[in-house]
Amino acid sequence: MLYRIVTIVGGLVFVIVLFTLIWFFCKQFLLRHGVREQVSDRATVLATWTFAGISVGLVFAVVGAFILGPWAFYRTLRGHDVPVSDSAAIWWGFGIVVLSMGITTAGFLGFLALVGAY
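My aim in this report is to walk through the structure given alongside it, one point at a time. (Residues numbered from 1 in each chain as written. Predicted model: local features only at pLDDT ≥ 70, side-chain atom pairs only at ≥ 80, totals over all residues. Heavy atoms only, no water.)

**Considerations on the nonpolar core**
One finds Ile22, Cys26, Phe29, Leu30 and Leu77 to be the most contacted residues of the largest nonpolar core, which totals 24 residues. Listing elements by their share of this core, those giving two or more residues are α1 (2-32), α2 (39-60), α3 (62-78) and α4 (86-114). Examining the composition of this core, we find that 7 residues originate from one element, α1, more than from any other. Apart from residues lying up to four places away in sequence, Leu77 is in contact with Phe29, Leu30, Leu46, Val82, Val84 and Ala89. (Core = buried A, V, L, I, M, F, W, Y, C linked by side-chain atoms within 4.5 Å. Buried < 20%, exposed > 50% of the residue type's maximum accessible area, 1.4 Å probe, protein only. Helix = DSSP H or I, 4+ residues; strand = E, 2+ residues; numbered from the N terminus. Contact = heavy atoms within 4.5 Å.)

**Considerations on α4**
The terminal C-alpha atoms of α4, which comprises 29 residues, lie 42 Å apart, in line with the 42 Å expected from a rise of 1.5 Å per residue. Buried residues of α4: Ala89, Gly93, Ile96, Val97, Ser100, Met101, Thr104, Phe111 and Leu112, and no others. Of the surrounding secondary structure, the elements contacted by the buried residues of α4 are α1, α2 and α3. Looking one or two places after α4, you find Gly116, whose phi comes out positive at around 80°. (Expected span 1.5 Å × (residues − 1).)

**What about the pattern of salt bridges?**
A side chain of one charge can pair with a side chain of the opposite charge when the charged atoms of the two come close. The final tally for this structure, using the stated rule, is 1 salt bridge. For Arg78, the salt bridge identified is with Asp86, shortest N-O distance 3.5 Å. Given the relative accessible area of 30%, Arg78 is considered partly exposed. (Salt bridge = Lys/Arg side-chain N within 4 Å of Asp/Glu carboxyl O.)

**Focus: the packing of aromatic side chains**
Counted by the stated rule, this structure contains 9 aromatic pairs. Summarising the aromatic geometry, the rings of Phe14 and Phe108 are spaced 5.5 Å apart at their centres and angled 70° between planes, so their arrangement reads as edge-to-face. Here Phe14 is found in helix α1, whereas its partner Phe108 is found in helix α4, with 94 residues between them in sequence. Judged by centre distance (5.7 Å) and plane angle (85°), the ring pair of Phe19 and Phe51 falls under edge-to-face. In this pair, Phe19 sits in helix α1 while Phe51 sits in helix α2, placing the two residues 32 residues apart along the sequence. We classify Phe19 as partly exposed; its relative accessible area is 26%. Through pairs of rings, three or more aromatic residues link up here, namely Phe14, Phe108 and Phe111. (Phe/Tyr/Trp six-rings, centres within 6.5 Å; stacked < 30°, edge-to-face > 60°.)

**Focus: the environment of Gly79**
Its location among the elements puts Gly79 in the loop between α3 and α4. Expressed as a C-alpha distance, the spacing of Gly79 and Leu46, which sit 33 residues apart in the sequence, is 9.7 Å.

**What to know about a nonpolar patch on the surface**
Taken together, the side chains of Met1, Ile5, Val9, Val13 and Val17 define a hydrophobic patch exposed on the protein surface, amounting to about 450 Å² of accessible area. Inspection of the secondary structure puts Ile5 in helix α1. The class for Ile5 is partly exposed, based on a relative accessible area of 45%. (Patch = residues over 30% accessible without salt bridge, like charges linked within 9 Å, V, L, I, M, F, W, Y side chains within 5 Å. Areas by Shrake-Rupley, 256 points an atom, 1.4 Å probe, with all protein chains shown as cover.)

**Section: the packing of α1 against α4**
Where α1 contacts α4, the two axes come as close as 9 Å, and the packing angle between them is 155°. By the angle between their directions, the pair α1 and α4 is classed as roughly antiparallel. For the pair α1 and α4, the sense of crossing is right-handed. Residue classes in the contact of α1 with α4 are distributed as 17 nonpolar, 6 polar and 1 charged. (Axes fitted to C-alpha atoms, helices over the stretch in contact; angles between N-to-C directions. Parallel < 35°, antiparallel > 145°, perpendicular 65-115°, else oblique. Left-handed = near helix turned anticlockwise from the far one by under 90°. Nonpolar A, V, L, I, M, F, W, Y, C, P; charged D, E, K, R; others polar.)

By themselves, these observations are geometric and do not establish any function.
Dropping the structure here:
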């Protein structure tokens, strides 16, 4: 029973880590493209919608996260008037999703190995 609780708490921590990574990468993206006003707020909105796209994509199939996440990033970015082309926005969104998911997955697999569940 204790392993289940530890695994659930660990999973929740890694969900928070995933959102934090997405937020950090979105903020770096905005700063790199010259956005200086309300960067944290804009990064939060961008990360929230990207995270929502990833979450919905994971429900349907794991591959869906890599389609809906960048699409949500792109659609949200269009509302922020960031001077970047459509194709670059989609590729940046894909990169943010892949990097965030990769780091979180590696950490979670390490956590599962640490508690003996994997």
